[in-house]
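# Topology and contacts: notes
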Amino acid sequence: LAQADQSQHSPAQPKDRLLVLFVITLLVYIIAYRQFNKYLFEFVEDAIATIRVNMADQVRNTALQSFETLGGEYVYTALTFDVKAISEISHLLSTSVQVSIYTLSALLYLLYLSPFAFSLIAATGGIIAVFYGYNQIAIQQTILQVRRQEKGLLAALNHLLDAFKELRLNDRKSDAFFQTC
């Protein structure tokens, strides 16, 4: 009875150790995640500052008539909007890394619990990846074909507009064109 009583009050029980391990792991994860986000945010902001300075220098050195008529405020506003969109990359990248770690941890835990279930999920994921890759290739080929057709259409429209401009500017060609119609 003394050993049973002592084992119940012992601080080194497996459940207590697992709880302490869980708490330590959680604290390490929180600290590491915050540090990663801080580092990533600083890196992206430094890169954006460099991009802003370089773009501002390029805009200042540009002496285009269209830029002068458009006004620098419009261009700077558009550039600031684009740079802001770039700055949101750090949050997306951080979330992607976090989700990847969660998924990998869950898969490793599933492998530990049931290798058969892990194999089944891995095979299903592989099949899905093959179909996804095949569809992406088909979509890219379709987009390239549409771009080629659009380029041809725009070239034909440009040629047609040039012809109308020529008819409008040249009276002799215009008269000859309308006499043949």
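Basis of the calculations
Residues numbered from 1 in each chain as written. Predicted model: local features only at pLDDT ≥ 70, side-chain atom pairs only at ≥ 80, totals over all residues. Heavy atoms only, no water. Helix = DSSP H or I, 4+ residues; strand = E, 2+ residues; numbered from the N terminus. Contact = heavy atoms within 4.5 Å. Areas by Shrake-Rupley, 256 points an atom, 1.4 Å probe, with all protein chains shown as cover. Patch = residues over 30% accessible without salt bridge, like charges linked within 9 Å, V, L, I, M, F, W, Y side chains within 5 Å. Salt bridge = Lys/Arg side-chain N within 4 Å of Asp/Glu carboxyl O. Phe/Tyr/Trp six-rings, centres within 6.5 Å; stacked < 30°, edge-to-face > 60°. Buried < 20%, exposed > 50% of the residue type's maximum accessible area, 1.4 Å probe, protein only. Expected span 1.5 Å × (residues − 1). pLDDT = per-residue confidence, 0-100.

### Re the overall build of the protein chain
Looking only at helices and strands, the protein chain features seven helices and zero strands. The secondary structure elements of the protein chain, listed N-terminal to C-terminal, are α-α-α-α-α-α-α. Summarising the internal contacts of the protein chain: among those between residues at least 6 apart in sequence, 54% fall at separations of at least 24. As presented, the protein chain carries roughly 15,700 Å² of accessible surface, and 67% of it is formed by carbon and sulfur atoms.

### Notes on a nonpolar patch on the surface
A surface patch of nonpolar side chains, about 660 Å² in accessible area, is lined by L19, F22, V23, L26, L27, I30 and I31. Among the structural elements, L27 can be located in helix 2 (residues 14-61).

### Details of the packing of aromatic side chains
Aromatic rings considered in pairs are described by the distance between their centres and by the relative angle of their planes. If you walk through the whole model with that rule in mind, you get three aromatic pairs. Summarising the aromatic geometry, the rings of Y29 and Y33 are spaced 5.9 Å apart at their centres and angled 15 degrees between planes, so their arrangement reads as stacked. Taken together, the residues Y29 and Y33, both in helix 2 and four residues apart, mark about one turn of the helix. Accessibility expressed as a relative area gives 25% for Y29, which makes it partly exposed. A residue is classified by how much of its surface remains accessible, and Y33, at 23% relative accessible area, is partly exposed. Taken together, a centroid distance of 6.0 Å and an interplanar angle of 35 degrees make the contact between Y29 and Y102 tilted. Highlighted residues: Y29 in helix 2 and Y102 in helix 5 (residues 89-113), separated in sequence by 73 residues. One aromatic cluster is present, built from ring pairs that chain together Y29, Y33 and Y102.

### Overview of helix 5
Counted at 1.5 Å a residue, the expected span for helix 5 with its 25 residues is 36 Å, and the 36 Å between its end C-alpha atoms agrees. For helix 5, every residue scored as buried is listed here: S90, S94 and Q98.

### Considering the side chain of S94
Counting through the fold element by element, S94 comes out in helix 5. Given a relative accessible area of 3%, S94 falls into the buried group. Ignoring sequence-local partners within four residues, the contact set of S94 consists of Y33, F36, N37 and L40.

### Some details on the environment of L93
Counting through the fold element by element, L93 comes out in helix 5. L93 gets classed as partly exposed once you look at its relative accessible area, which sits at 39%.

### Examining the side chain of Q98
With respect to the helices and strands, the residue Q98 is situated in helix 5. By relative accessible area, which is 18% here, Q98 ends up buried. With near-sequence residues (within four places) excluded, Q98 lies in contact with Y29 and Y33.

### Examining the confidence of the model for the protein chain
When pLDDT is averaged along the protein chain, the result is 77, and 73% of the positions lie at 70 or above. Per-element averaging of pLDDT across the protein chain places helix 1 (residues 2-8) at the bottom with 46 and helix 6 (residues 115-169) at the top with 87. Residue range residues 1-7 is modelled with pLDDT below 50. Its contacts to residues more than four positions away, or to other chains, number one contact.

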